[in-house]
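The primary structure of each chain is shown beneath.
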Amino acid sequence: MRIARAIPMLASMFVASSRAWVSKNLPLRSRQAIQRSSNHIFAYRGGAALTSDSRHQPATPSSSALYASISSSTSSIHVNNEAFGVLEPEIVALLSRPQFPVKEFGGILYQETKVPSSRQEKQLATAQDDSAALASKTNIFKVIFILGGPGAGKGTQSALMSEHFPVVHFSVGDLLRREQAKTDPPSVYKEILDDALVHGSIVPVQVSLGLLQQAMQEKALELGNDILFLVDGFPRNFDNLKGWITVMQDVAVLWSVLVYTCPLNVLEQRILKRGKDSGRADDNLSSVKKRFNTFATETTPVINSLKQISKTKDCPWTVVDICGDCPLADVWVASQQALNQLIKHDVLTANAALLDAVQSGDVARYQALCDDQWFDLKSPVNVMREQEGEPVAIGSIVKAQLDVISGKQVAVGYERVIQGVRMREKRIWSHQGIKGWRNIHFSRTPFAEQ
């Protein structure tokens, strides 16, 4: 009854402003471990590039016995082993439905994410104070589910990804705890949240998703929509997953699922150690066991269903298993490999849009996709002519290759024929915050000179 009374108050609660969530700094020991492995930070640098022959591979071997040690203590609980658990066919169809058209660039397949037109760029400049106007003119939110047992390293890896990639990390648990901690005035959900967090039960999906949507809208206003959202700790059960379809299908699209696997005994040690310093009410042995049971009986079946859905025809996203029990540096490399496969969609979309702008002579569009420094005290028309030459047909693009220099800088190379001459072109793209991906370097070499 408390839940039923609280949920109708959701809309008024979300109107209140809240500070942007900021990822917590990693412990010094963790940062030192990452520094020692700096030669391996970006998995595709120095030859291991995304080429036209690349295939999406799991970052680490998949674990078929995920949390097997938990299952022995919950063997009396029935888990539906059908292909998609308890999901209706309509839910499966909506989850696996492609949201963006699949395109091909020089042999590399990618999803063409929306890039605002030059006219929309101007409209966005006047819509920064209106989230509804912004949402109607920008991309749909691209979301990555981050899943794994309590203490599997989801928060640590998400903080690293947020630092090195154009992504924003939201922990559903942190959003709920922040809401629970409000005192002036207290949250209308405080009693519900207190009970759920202490007893390891799951908060109503309307509350979780409402807080998440509000947080994403705030970040989109601050950083633009050319970013990815990491949603840590969601979906926790089938009710969450169905709620996602119901509440979020018009504002967000599932982009990928990262699952951090780790043995139960390691998780228990990590959480109890964390509890000594965290001050969290749920970092104690009693709550830990309840949370493990909830994960084994409610979240693991969801993960298994997502894996099955990802294998259906035309499903645009994948589920990647990552070993959370491996050394920190190795886990980080695996996380990067997964994200490298995802940022290529925005980069190739921008590259194709730039070539189209050159072909059509759309100077405003070209300028919106290039580094602002190119145009300092220069005519945009002259800059495009000096860089690209006269407008010509794009022609056939072949042998494309992506080199991920860093999580926010990607090189795109390809060959094409321009006025009868075979050329090798290379563009370097840099993610520049709210400006999105911008072309910061361009070179063109006749093929004979390669």
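First, a word on what this report is: a plain description of the structure on this page. Residue numbers here run from 1 along each chain, matching the order of that chain's written sequence. Only residues with pLDDT of 70 or above have their local features reported here, since the model is predicted, and side-chain atom pairs are shown and tallied only from 80 upward, although totals for entire chains, interfaces and linings are computed over all residues. Computation of side-chain values covers all heavy atoms of the structure but excludes hydrogens and water.

**Here's the deal with the overall build of the protein chain**
Looking only at helices and strands, one finds 17 helices and 12 strands in the protein chain. By sequence separation, contacts in the protein chain at least 24 residues apart represent 72% of the contacts at least 6 residues apart. Elements are defined by DSSP. Helices are runs of H or I of four residues or more, strands are runs of E of two residues or more, and each kind is numbered from the N terminus. Only heavy atoms enter the contact rule, under which two residues are in contact if any of them lie within 4.5 Å.

**A word on the sheet that holds strand β8 (residues 319–323)**
Note on pairing: DSSP must find at least two bridges between two strands before they are called paired. Taken in spatial order, the five strands line up as β5-β6-β4-β7-β8 in an open sheet, and their pairing is parallel. The open sheet terminates on both sides in strands that have one partner only, identified here as β5 (167–171) and β8. In this sheet, neighbouring strand axes are inclined to one another by 25° on average, regardless of whether the strands run parallel or antiparallel. Relative to strand β6 (residues 228–232), β5 runs parallel, the two sharing five bridges. By the bridge assignment, Phe 170 is partnered in β6 with Val 231. Every axis corresponds to a line fitted to the C-alpha atoms, with the helix fit spanning only the stretch in contact, and the corresponding angles, defined between N-to-C directions, vary from 0 to 180 degrees. Along the sheet, helix α15 (residues 328–360) contacts β4 (141–148), β5, β6, β7 (252–261) and β8; its crossing angle with β7, the most-contacted strand, is approximately 165°.

**Digging into the packing of aromatic side chains**
Ring geometry is summarised as follows: Phe, Tyr and Trp rings, the Trp one being its six-membered ring, pair when their centres sit within 6.5 Å, and such pairs are stacked at plane angles under 30 degrees, edge-to-face over 60 and tilted between the two. Counted under the stated rule, the structure contains eight aromatic pairs. When the centroid spacing of 5.5 Å and the interplanar angle of 85° are considered together, the rings of Phe 100 and Trp 255 count as edge-to-face. Taken together, the residues Phe 100 in the loop between α5 (89–96) and β2 (102–105) and Trp 255 in strand β7 connect sequence positions 155 residues apart. Using a 1.4 Å probe on the protein chains alone, a residue whose accessible area is under 20% of its type maximum counts as buried, one over 50% counts as exposed, and one in between counts as partly exposed. Judged by relative accessible area, Phe 100 falls into the buried class, the value being 10%. On the accessibility criterion, Trp 255 (3% relative accessible area) is buried. When the ring of Phe 170 is compared with that of Phe 229, the centres are 5.9 Å apart and the planes differ by 10°; the resulting orientation is stacked. Of this pair, Phe 170 sits in strand β5 while Phe 229 is found in strand β6, placing the two residues 59 residues apart along the sequence. The same class applies to Phe 170 as to Phe 229, namely buried. Three or more aromatic residues joined by ring pairs form one cluster here, namely Phe 141, Phe 170 and Phe 229.

**What about the packing of helix α11 (residues 205–223) against helix α12 (residues 238–248)?**
Put simply, α11 and α12 touch, their axes get as near as 10 Å, and they point 50° apart. In terms of orientation, α11 lies oblique with respect to α12. Here α11 and α12 pass one another in a crossing that is right-handed. Contact residues: α11 offers Val 205, Leu 209, Leu 212, Gln 213 and Met 216, while α12 offers Asp 239, Asn 240, Gly 243, Trp 244, Val 247 and Met 248. Residues are grouped as follows: nonpolar covers Ala, Val, Leu, Ile, Met, Phe, Trp, Tyr, Cys and Pro; charged covers Asp, Glu, Lys and Arg; every other residue, Gly included, is treated as polar. The residue makeup of the contact of α11 with α12, split by class, is seven nonpolar, three polar and one charged. Here is the rule for angles: anything less than 35 degrees is roughly parallel, anything more than 145 is roughly antiparallel, 65 through 115 is roughly perpendicular, and the remaining ranges are oblique. Note on convention: the crossing is left-handed when the near helix lies turned anticlockwise from the far helix by less than a right angle, right-handed when the turn is clockwise.

**Description of α12**
Regarding α12, the residues found buried are Phe 238, Asn 240, Leu 241, Gly 243, Trp 244, Ile 245 and Met 248. Measuring from the side-chain oxygen of the N-cap residue of α12 to the backbone nitrogen of Asp 239 gives 3.3 Å; that N-cap residue is Asn 237. By the criterion applied in these results, polar contacts are pairs of N or O atoms within 3.5 Å in which, for protein atoms, one can donate a hydrogen and the other can accept it, and in which residues neighboring in sequence qualify only through two side-chain atoms.

**So, the pattern of salt bridges**
Definition used for salt bridges: Asp or Glu carboxyl oxygen within 4 Å of a side-chain nitrogen of Lys or Arg. Across all of its chains, the model carries 17 salt bridges by this definition. The salt bridge partner of Arg 416 is Glu 425, with a shortest N-O separation of 3.2 Å. Here the salt bridges do not stand alone but share partners, grouping Glu 388, Arg 416, Glu 425, Arg 427 and Arg 444 into one network.

**What about helix α17 (residues 380–388)?**
The complete set of buried residues in α17 reads Val 383, Met 384 and Glu 388. An end-on view of α17 places all buried positions within 100° of arc, on one side of the element. Within this analysis, the arc is defined by the directions that extend from the helix axis to the C-beta atoms.

**Re empty space enclosed by the protein**
A probe as big as a water molecule, rolled over the atoms, marks out the empty space that is left. Only protein atoms enter the calculation, which uses a 1 Å grid: trapped sets of points that fit a 1.4 Å probe without letting it out are cavities, open sets showing protein on both sides within 12 Å along at least five of seven lines are pockets, and any residue with an atom within 4 Å of a point is a lining residue. Grid points are joined across faces, edges and corners, and a volume is the space filled by probe spheres set on the points. This structure, assessed with the given rule, holds three cavities of 30 Å³ or more. As a volume, the largest cavity reaches approximately 140 Å³. In terms of lining, the largest cavity is formed by Leu 94, Leu 95, Arg 97, Gln 99, Trp 244, Ile 245, Gln 249, Ala 252, Val 253, Leu 254, Pro 316 and Trp 317. Mapped by element, the contributors of at least two residues to the lining of the largest cavity are α5, α12 and β7. Looking at the lining of the largest cavity element by element, the count peaks at three residues for β7. Looking at the lining of the largest cavity residue by residue, the class counts come to nine nonpolar, two polar and one charged.

**Quick look at the packing of helix α9 (residues 172–180) against α11**
Here α9 crosses α11 at 95°, and the two axes come no closer than 10 Å. When the interaxial angle is binned, α9 and α11 end up roughly perpendicular. Contacts between α9 and α11 involve Val 172, Leu 175, Leu 176 and Glu 179 on the former and, on the latter, Val 207, Ser 208, Leu 211, Leu 212 and Ala 215. Of the residues belonging to the contact of α9 with α11, the class tally is seven nonpolar, one polar and one charged.

**Remarks on the nonpolar core**
Definition of nonpolar core: a set of buried residues of the types Ala, Val, Leu, Ile, Met, Phe, Trp, Tyr and Cys, connected through side-chain atoms within 4.5 Å. With 61 residues, the main nonpolar core has Phe 105, Ile 144, Met 161 and Tyr 366 as its most contacted residues. No other element matches α15, which puts 15 residues into this core. For Ile 144, the contacting residues outside a window of four places in its chain are Leu 228, Phe 229, Leu 230, Val 231, Trp 255, Ser 256, Leu 258, Leu 339 and Leu 342. Of all hydrophobic cores here, the second largest spans 47 residues; its members include Val 168, Leu 175, Ala 196 and Leu 209.

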